[in-house]
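Residues per chain, in single letters:
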Amino acid sequence: MQVETGGSAPREQDLGAWIKTIRSHFGEGEMVALRAALEAINRLHPRGKDNEANRYQLRPVVEADAEFAVHALGFIIRELRWAK
């Protein structure tokens, strides 16, 4: 699957930019599960940063959050057909 991500290299873009790119490339009703998995990881990301956690009054990260993120990443990789 090849998706044009704009001017900067894909690895340099924020996860939010990837989500918007996928939505605009495939349409609002397509790749919903992929976008949901990306959005979940994107929501968990600031929880690991003390200043963001304090700013937004986020609960501390627990092991189950990390396990969920790993499983979601596996789902994303399979959904993109980068692995079986």
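Residues numbered from 1 in each chain as written. Predicted model: local features only at pLDDT ≥ 70, side-chain atom pairs only at ≥ 80, totals over all residues. Heavy atoms only, no water.

Draft legend 1. Fine view of the overall build of the protein. Looking only at helices and strands, the protein features four helices and zero strands. Mapped from its N terminus to its C terminus, the protein presents α and β elements in the order α-α-α-α. Per-residue burial over the protein gives 23% buried out of 84 residues. The contacts in the protein between residues at least 6 apart in sequence include a share of 37% that link residues at least 24 apart. For the protein, the computed accessible surface area is about 6,300 Å², with 54% contributed by carbon and sulfur atoms. (Helix = DSSP H or I, 4+ residues; strand = E, 2+ residues; numbered from the N terminus. Buried < 20%, exposed > 50% of the residue type's maximum accessible area, 1.4 Å probe, protein only. Contact = heavy atoms within 4.5 Å. Areas by Shrake-Rupley, 256 points an atom, 1.4 Å probe, with all protein chains shown as cover.)

Draft legend 2. Fine view of the nonpolar core. In terms of nonpolar packing, the biggest core is built from nine residues, these being Ile19, Ile22, Leu34, Ala37, Leu38, Ile41, Ala72, Ile76 and Leu80. Only helix 1 (15-26), helix 2 (32-44) and helix 4 (63-79) provide two or more residues apiece to this core. In terms of residue count, helix 2 provides more of this core than any other element does, four residues in total. (Core = buried A, V, L, I, M, F, W, Y, C linked by side-chain atoms within 4.5 Å.)

Draft legend 3. Quick look at the packing of helix 1 against helix 2. The N-to-C vectors of helix 1 and helix 2 enclose an angle of 165°; their axes lie 10 Å apart at closest approach. The orientation of helix 1 relative to helix 2 falls into the category roughly antiparallel. The element helix 1 and its partner helix 2 pack so that their crossing is left-handed. Side by side, helix 1 and helix 2 meet where Leu15, Gly16, Ile19, Ile22 and Arg23 of the first sit next to Leu34, Arg35, Leu38, Glu39, Ile41 and Asn42 of the second. Here the contact of helix 1 with helix 2 is composed, by residue class, of six nonpolar, two polar and three charged. (Axes fitted to C-alpha atoms, helices over the stretch in contact; angles between N-to-C directions. Parallel < 35°, antiparallel > 145°, perpendicular 65-115°, else oblique. Left-handed = near helix turned anticlockwise from the far one by under 90°. Nonpolar A, V, L, I, M, F, W, Y, C, P; charged D, E, K, R; others polar.)

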